Amino acid sequence: MNKYTVINPHEPFRVLNTHVHNIDGIAKVTGRATYTFDVKLPGMLYGKILRSPYPHAKIIKIDASKALALPGVLAVVNGKDDTLGIKQGIWRRYNDLCDEQVLPVDKVRYIGEPVAAVAAVTEEIAEKALDLIDVEYEELPATFEPLDAIKKDAPEIHEGFERNINVTRHIEWGEVEEAFEEAEYIREDWFKCGGQAHMCMETRAAVASYTPDGKMTVWTSTQSAYYHQALLAGVLGLREGNVRVLAPYVGGGFGGKFELDGAQFCACILSMKVRKPVKIIFTREEDFIASKRRTPMFYYTRTGVKKDGTFCAREAKVFTNGGAYTGMGATALYLTGFFHSFPYRWKGYRYDGYRVYTNTLPSTSMRGFGAPQAMWCSEQQIEWIAADLGLDPIEMRRKNSHHEGYVVPGQATIASCGIDQCYDEIKTWIKSKGKLPKNRSIGLSACGFMSGGIFNWFDTPYSFSSAVVTVNNDGTVELHVGAQDIGQGSNTTMAIICAEALGVKIEDVKVHSGDTDHCPADLGAWGSRQTLMTGNAVKMASEDAKKQLLEFAYAQSGLNIVYDLDIKEGWVHAIARPERGETFEALVKRATRGKDGQRIVGRGYYTPHRKGMISPAYSYMLQGVEVEIDDETGKIKLIDSMTAHDCGQPINHLGLIGQLEGAFSMAAGYGYLEYMPFEDGKMMNPNLVDYKMVRSTDMPPANIAEIDTYEPEGPYGAKEAGEGLTNPTAAAIGNAIYHRFGIQMKECPVRPEMIVNALKEKAAAEKEGKKK
Amino acid sequence: MEKKLITLTVNDIEYELYINPKTLLVEAIRDHIGLTGTKRGCETVSCGACTVMIDDMAIKSCSVLAVQAEGRRIITAEGLEKNGVLAPIQKAFLDEGSYQCGFCTSGMLMSSEAFLRETKNPTEEQMKEAIEGNICRCTGYNSIVRAIAAVAKGKYAEVKS
């Protein structure tokens, strides 16, 4: 069904890259795992949010008196009376990018924007109360597409942003014009990349409980408990230490759950008003229309190469549909520009990105973070260039690819890179397919991705990751991390690293995460950062604890000091004489007594320094997808796939396979299913009947060849896995369509009618050509 | 609407509930009985997160009223294990890593279990079809199909007896 080649020469590992179950597995397969969705507190009220029906309108007046008179309604909040107009945003370092009032005071900027919120004794009453709130609006002219919104006469969405340009980004290296002059072939194309809904199975959810001692406790579905602690403290006027965020189990994130959302904000404001717990769960429709989305982009890219396929120069101009607010969109704007250069060496590279405000649902980060859009355009154009010049597309890619030690000028240093072996693996896979049936074709796409971001736009005063390891007297271990497990398995990954580094069994490690009162601050689960950053912190903390323990062992052993002691799987021993030793538990008991009863505590942290502009490490991959297309209907079916993937040293074997397969399904959906049409600012398919995504019967085998490399910056040589693989698939599908029919798809997701129309146009053009 | 007294048999336990007759089965299970393993991910009977077994058939519990399930044998994810011993499908999910965030898992387990009770020696296509009504945003489904296949092939047979 599926095959994996996991090449691992590092046999001495006892826990790392072995087949261990997810440590949260029992809770999840028995229905015991409790999510924010399941939280029920004594005296809890239910909140509902009234949303704007207009894409752009002034709020003249809000009258909630009728709603408040409804029996069972305890409070109504709105921007004019309750939130003091505080603007917020996650790019806290830059004031002008903190542009969102979760309950706006003066005007609404997209359909679905929260306007008021109600707390009532039941959800039903809260819902009824929404209908009784009178809001007087004055409609304003609206604009929905970035290329319209930048026009001089377009309506102004935010004051002081000329032509609605929210953020611009410029990336440049080398002598671009000179490099274009060296080129013997230049190609330019325009592309359109769609949005995509995160579609977490658990919709946005929060339960907030404010108590008379001035303390706020919030259960929420988040990718970063620390971010939400800090963001909520900021908007609520509380000290960070008085806000406790709990994220026990999280039903998916995918980049959509680390900004402040309406559920969290409104639940808190309502709870502060009534001093009772308030629960808000978004319906699926609310989650579609009011929880942000992958950033839609218009891409212009111009590429110059030599006739032998050597890449010279590239320049790209990108206009993104930012929607109504900034959020993480500023980061997506930078990353799409950077990864549009990947994984190739360019003598000259220039990128100009413009994030444009429109009166639509705000766009933000989503798994891949701007790179799936970048690769949709880049990897198709490169395929077309190879065809235009009659070159082998794999070999052309190979000769221009990054390699170990390559420096992306002014941006990044590539310490590990397995892309070259990826080309070999995919060539072998294609060969193994033999001659394909007539209605099938194969498309390829290469890419790379980061292992955590290094830029401190959140302005945190803390290290990016921290870990504390406490060793109990019975030899069990408490690991406290701020890393957030959102299903990707970070609790398990951290337990594996701790067990390996400290020398204990994985079942002896208890992981504590998702609670800001008890876990050290960590930026959380986004940008593929936790395995490298939290992983390093955990390794450091575990080694710290181990060193303290071994000092006691050494002191008692009477060994010559040139001999090494070690701990493996709970056995303390001299490396030269592994059979002689003692149990970890026995050592811990003596060491604890020797420290006057103090528990052994190890501390670790990670803060990046001098790691370029983007990330400390990069993963690489090449993907091949076999596609079957019905000539008449244009319907696409995925038949098979193979991804050669370099994530450094794999840590969590099962977790890695799951991440790669899961990323494929989401990436394929972006390529051909997850169409998100808007009409006059209104999303036309905000439900799971009309919003199509990959289901079990659509999913082909997702074969993986793991390329073994060692990343010096990562714990045990590990780097990113699972987010980067969202990047190649759309382009690989596009390339398969190209190889089948010779048509160039410039818009994703590709819908069947687009293929049918392109084939008609092609036939018409050929007929025209024959006539001449 | 006048409330009604009904008895639901969930995981072999009888629960007496005094509920509004328009209460959905998923609401009765989650909000009235308090078994929160069964989830909800949509309002359109599309996602399968609320799937339970009624008389061995996989049913989306948001698609039936609680009163319609009276007298039937309802099994939820919490009812799969017996005396602390996991059912084969649960063990297979652990071994294959057939879940990530876990939010769809309860429903996915029930669709899989109902399918396995009904179908001997299933083909891969049948296994995929069995969970077509359940959305999983995390795993890409293949690990779930591998788990179903492992149980179908009798990998966990000794546990069954």
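For the structure, check the block above.
None of these values were measured; they are calculated from a predicted model.

1. Focus: the sheet that holds strand 10 (residues 205–211) of chain A
All names here are of chain A.
- The strand order across the open sheet formed by seven strands is 4-6-2-13-10-11-12, and the pairing between neighbours is mixed. The open sheet is flanked by strand 4 (73–78) and strand 12 (243–246), the only strands paired with a single partner. Taking the axes of each pair of neighbouring strands and ignoring which way they run, one obtains an average angle of 20 degrees across the sheet.
- Pairing analysis gives six bridges linking strand 10 to strand 11 (residues 215–220), with the strands arranged antiparallel.

2. What to know about the packing of aromatic side chains
- Tallied over the full model, the rule gives 37 aromatic pairs over all chains.
- Between A:F37 and B:F103, the aromatic rings sit 5.5 Å apart at their centres with planes inclined by 65 degrees, giving edge-to-face as the arrangement. Of this pair, A:F37 sits in the loop between helix 1 (25–29) and strand 2 (45–51) while B:F103 sits in the loop between helix 2 (88–96) and helix 3 (105–118), placing the two residues on different chains. Residues A:F37 and B:F103 agree in their burial class; the two are buried.
- When the centroid spacing of 5.1 Å and the interplanar angle of 15 degrees are considered together, the rings of A:F319 and A:Y354 count as stacked. You can see A:F319 sitting in strand 16 (residues 311–323) and its partner A:Y354 sitting in strand 17 (residues 348–357), a full 35 residues away along the chain.
- The class for A:Y354 is partly exposed, based on a relative accessible area of 22%.
- Following the ring pairs from residue to residue traces out a cluster consisting of A:W91, A:Y94, A:Y226, A:Y227, A:F258, A:F369, A:F455, A:W457, A:F458, A:Y462 and A:W526.
- Over the ring of A:F282 we find A:R51; its NZ or CZ atom is 4.8 Å from the centre of that ring.
- Its guanidinium or amino end placed over the ring of A:F458, A:R92 lies 3.9 Å from that ring's centre, counting from NZ or CZ.

3. Side note on the packing of helix 7 (residues 225–236) of chain A against helix 8 (residues 262–274) of chain A
Residue and element names in this part refer to chain A.
- One can describe the packing of helix 7 onto helix 8 by two numbers: an axis separation of 11 Å at closest approach and a directional angle of 50 degrees. Taken together, the axes of helix 7 and helix 8 are oblique relative to one another. In this structure, the crossing between helix 7 and helix 8 has a hand that is right-handed. Contacts between helix 7 and helix 8 involve H228, L232, V235 and L236 on the former and, on the latter, Q264, F265, C268, I269 and M272.
- Of the residues contributing to the contact of helix 7 with helix 8, the split by class is seven nonpolar, two polar and no charged.

4. Overview of the side chain of A:N321
All names here are of chain A.
- When you line up the elements, N321 lands in strand 16.
- Taking the relative accessible area as the measure of exposure, N321 reaches 4% and is therefore buried.
- Within the structure, the side chain of N321 is placed 3.4 Å from the side chain of T360, a separation counted as a polar contact.
- Residues within four places of N321 in sequence aside, it is in contact with F144, E145, P146, R293, T295, P296, V356, T358, T360 and S363.

5. Quick notes on the pattern of salt bridges
Residues and elements named next belong to chain A.
- Applying the stated criterion across every chain, the model contains 61 salt bridges over all chains.
- As a salt-bridge pair, E478 and K510 come within 3.1 Å of each other at their nearest N and O atoms. Placement of E478 in strand 23 (residues 477–481) and of K510 in strand 24 (residues 509–512) is noted, with a sequence separation of 32 residues between them.
- Taking the relative accessible area as the measure of exposure, K510 reaches 46% and is therefore partly exposed.

Each value, and the rule that gives it
- Residues numbered from 1 in each chain as written.
- Chains lettered and ligands numbered in written order.
- Predicted model: local features only at pLDDT ≥ 70, side-chain atom pairs only at ≥ 80, totals over all residues.
- Heavy atoms only, no water.
- Pairing = 2+ DSSP bridges.
- Helix = DSSP H or I, 4+ residues; strand = E, 2+ residues; numbered from the N terminus.
- Axes fitted to C-alpha atoms, helices over the stretch in contact; angles between N-to-C directions.
- Phe/Tyr/Trp six-rings, centres within 6.5 Å; stacked < 30°, edge-to-face > 60°.
- Buried < 20%, exposed > 50% of the residue type's maximum accessible area, 1.4 Å probe, protein only.
- Lys NZ or Arg CZ within 6 Å of the ring centre and 35° of its normal.
- Parallel < 35°, antiparallel > 145°, perpendicular 65-115°, else oblique.
- Left-handed = near helix turned anticlockwise from the far one by under 90°.
- Contact = heavy atoms within 4.5 Å.
- Nonpolar A, V, L, I, M, F, W, Y, C, P; charged D, E, K, R; others polar.
- Polar contact = N/O pair within 3.5 Å; in protein donor to acceptor, adjacent residues only side chain to side chain.
- Salt bridge = Lys/Arg side-chain N within 4 Å of Asp/Glu carboxyl O.

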